Structure formats: C-alpha cells, structure tokens
Amino acid sequence: MTTKTETIEGTVAEYVTAVIGGQLFGLPISRVQDVFMPERLTRVPLSSAEIAGVLNLRGRIVTVVDMRARLGLPKNDDGKPPMAVGVDLRGESYGLLIDQIGEVLKLHDNGREENPVNLDPRMAKLAGGVHRLDGQLMVVLDIDRVLEIVPKTTLAA
C-alpha cells in the first residue's frame, strides 16, 4: 500500500517519518492524508484511553488516536504541543497524535526487514517491518493494525 517507484536498483517506498517517545517511525506516504496541529479536541465519554477525542477538521469529524497510549508509553510532559498525522481507513478519518513530524524518506524495499525478535512487543504488534538507518531503527507503522482499537470493557459477562 505504499507508493512504489521502480528504479534501476529496485522498488522504492516513500515514508513520512514521525517521532513518538524518542523512537523514529515511518508511515507509508500513500496512507497519509495530511499533517496538522490538533485543536479543540473533544473527549469521547467511555472511550478507551487510546482515543484522545474527536475534532472537526475542514468539515470532517476526525477520531484522534493517542499513539503514546497506543504504544503503552507515558504521557509527554515536554510542554510541546503534539502534532497529528491524518489517515483514512474504510472512509473514516483518523488523526494519529505524534510528538514530532519528520521528513519524507525514500527507502529501497530490499532494505526493509521483518520485525526483529527483540523489538518491544508493544511496537511489534503495530509494525510492518523496520529499516535500519544511520544510527537508528525506523519502525514502519502498519496503519491498519494501528487502527484496530478494541474497546476494553469493564463489565463481566
């Protein structure tokens, strides 16, 4: 589902990079609709902690997912306002709350590896592989897995 470009060296995919909790992530550019600063977030009663709320973005209701909560990371207290990456799934709009947006990277598909066995399990369940970059690991987010949010029920059956 990423934007693929054929080159002499092979297929190249483009990723929008984002930082969440100090970790570099790559989102397939074909899935990214926009990048925005979330304002006037309305909390959704009884929603899971992973749902930061909803907002109106250019006339569309967008469900905002807190990626720190989704990854099991503590809340960010650096005082910087979060950014959001807009994505679509089955006609519904979502915003993924991130700490910082990065650049667009074009990376060769043959450089993409399966999730390492020692990758944090919280990241591994949302990852669709990794790219080893100079001095850091970029975890490729699988948008479909990220948006598989199952509400936690507190009622016993």
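All values derive from a computational prediction rather than experimental measurement. Residue numbers restart at each chain and count upward from 1, following the sequence in its written direction. Local features are withheld for residues below a pLDDT of 70 in this predicted model, meaning they are given only at 70 or higher, and side-chain atom pairs are given and counted only at 80 or more; totals for whole chains, interfaces and linings count all residues. Think of the side-chain values as coming from all heavy atoms in the structure, minus any hydrogens and water.

## Quick word on the overall build of the protein chain
For clarity, the threshold we go by: Each helix corresponds to a stretch of at least 4 residues labelled H or I by DSSP, and each strand to a stretch of at least 2 residues labelled E; elements are numbered beginning at the N terminus. Exposure classes here rest on a 1.4 Å probe applied to the protein chains alone. A residue is buried below 20% of its type maximum, exposed above 50%, and partly exposed in between. Contacts: residue pairs with any heavy atoms within 4.5 Å of one another. For accessible areas, the Shrake-Rupley method is used with a probe of radius 1.4 Å. Any residue's cover is judged against the shown protein chains and nothing else.
Per the secondary structure count, the protein chain includes three helices and 12 strands. Scored against the burial criterion, the 157 residues of the protein chain give a buried share of 41%. For the protein chain, long-range pairs separated by at least 24 residues make up 54% of all intrachain contacts whose partners lie at least 6 apart in sequence. Split by element, the accessible area of the protein chain, about 9300 Å² in all, is 53% carbon and sulfur.

## So, the nonpolar core
We apply this condition: Throughout this description, the term nonpolar core refers to a set of buried Ala, Val, Leu, Ile, Met, Phe, Trp, Tyr and Cys residues connected via side-chain atoms within 4.5 Å.
By size, the foremost hydrophobic cluster in this structure holds 27 residues, and its most contacted members are Leu27, Leu96 and Leu147. Of all the secondary-structure elements, those providing two or more residues to this core are strand 2 (10-20), strand 3 (23-28), strand 7 (83-89), strand 8 (92-98), strand 11 (127-133), strand 12 (136-141) and helix 3 (143-146). Top element by residues in this core is strand 7. It accounts for four residues. Dropping the residues within four chain positions of it, Leu96 is found in contact with Leu27, Val65, Met67, Met83, Ala84, Val85, Val87, Ile143, Val146 and Leu147. Listed in part, the eight residues of the second largest apolar core include Leu55, Leu57, Val62 and Val64.

## What about the confidence of the model for the protein chain?
Our working rule: The predictor reports its confidence for every residue as pLDDT, a score running from 0 up to 100.
Per-residue confidence for the protein chain averages 87 on the pLDDT scale, and 89% of its residues sit at or above 70. At the level of individual helices and strands, the protein chain shows its lowest average pLDDT in strand 1 (residues 4-7), which scores 54, and its highest in strand 3, which scores 96.

## Remarks on the side chain of Ser48
When you line up the elements, Ser48 lands in the loop between strand 4 (32-36) and strand 5 (51-57). Filtering out sequence-adjacent residues up to four positions away, Ser48 remains in contact with Arg43 and Ile149.

## A closer look at the sheet that holds strand 5
Put simply, the rule reads: Here, a strand pair is defined by DSSP locating no fewer than two bridges between the strands. As a rule, the C-alpha atoms of each element are fitted with a line to give its axis, helices using only the stretch in contact, and angles between N-to-C directions run from 0 to 180 degrees.
Pairing in this open sheet of five strands is mixed, and the strands run 4-7-8-6-5 from one edge to the other. Each end of this open sheet is capped by a strand with a single partner; those strands are strand 4 and strand 5. Ignoring which end each strand starts from, the neighbouring axes of this sheet average 30° apart. Of the strand pairs in this sheet, strand 4 and strand 7 are connected by four bridges, and their pairing is antiparallel. Opposite Val35, over in strand 7, you have Val85 as the bridge partner.

## Things to note about unusual backbone geometry
In the Ramachandran plot, Leu46 falls in the positive-phi region, its phi being about 65° despite a non-glycine side chain. Topologically, Leu46 is positioned in the loop between strand 4 and strand 5. Here the phi dihedral of Arg58 falls at roughly 50°; this positive angle occurs in a residue that is not glycine. As for its placement among the helices and strands, Arg58 is situated in the loop between strand 5 and strand 6 (60-66). A relative accessible area of 66% means that Arg58 is categorised as exposed.

## A closer look at the pattern of salt bridges
When the charged atoms of two side chains lie near each other, side chains of opposite charge can form a pair. So the rule is basically this: Between Lys or Arg on one side and Asp or Glu on the other, a salt bridge is scored when a side-chain nitrogen of the former is within 4 Å of a carboxyl oxygen of the latter.
A full pass over the atoms with the stated rule returns seven salt bridges. When the shortest N-O distance is used, the salt bridge between Glu113 and Arg132 registers 2.9 Å. Of the two residues, Glu113 sits in strand 10 (residues 112-113) while Arg132 sits in strand 11, which places them 19 residues apart along the sequence. When its relative accessible area of 54% is taken as the criterion, Arg132 is described as exposed.

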